[in-house]
Amino acid sequence: MAPATIRFGGDGRGDDPPFPDAICHRCVHLRLIRSGKGSVFLMCKEPTLPKYPPQPVRACRGFVPKPPATG
Ligand code: SF4
């Protein structure tokens, strides 16, 4: 069975991630949440920060860079 495809967009729809210039996309604390209507939200899992910070985040004390992709 093929995995579900999540579609993104500047407004949470389409092919591109919302707020592509946000540093959250490079942070280990980011979780992408998709609503039942297909919108995608950037959720922060860093416990001392708001779950849904105003986007785009350009600087953040909780930022931890994702490790480089392997393979
Ligand atoms: S810790 Fe900061 S940079 Fe990382 S996902 Fe949360 S808000 Fe974004």
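In this text, all values refer to a predicted model and were calculated from it rather than measured experimentally. (Residues numbered from 1 in each chain as written. Predicted model: local features only at pLDDT ≥ 70, side-chain atom pairs only at ≥ 80, totals over all residues.)

Draft legend 1. Inspection of the site of the ligand at higher detail. Residues in close proximity to the ligand total 13 residues, the closest being Cys24, Cys27, Cys44, Cys60 and Gly62. Classifying every residue of the shell around the ligand gives 10 nonpolar, two polar and one charged. (Near = placed C-beta within 6 Å. Nonpolar A, V, L, I, M, F, W, Y, C, P; charged D, E, K, R; others polar.)

Draft legend 2. Layout of the environment of Cys24. Relative to the helices and strands, Cys24 resides in the segment before β1 (30-34). Note on Cys24: 25 C-beta atoms within 10 Å, which makes it buried. Note: C-alpha distance between Cys24 and Leu42 (18 residues apart in sequence) is 7.8 Å. If we ignore the near neighbours within four places in the chain, the residues touching Cys24 are Leu30, Leu42, Cys44 and Val57. (Helix = DSSP H or I, 4+ residues; strand = E, 2+ residues; numbered from the N terminus. Buried ≥ 20, exposed ≤ 12 C-beta atoms within 10 Å, placed from the backbone. Contact = placed C-beta atoms within 7 Å.)

Draft legend 3. Focus on unusual backbone geometry. At the junction of Gln55 and Pro56, the peptide bond is cis and its omega measures out at 0° in the coordinates. The residue Pro56 is located in the segment after β2 (40-44) in this model. At Phe19, a position not held by glycine, the phi torsion is positive, near 50°. In this structure, Phe19 sits in the segment before β1.

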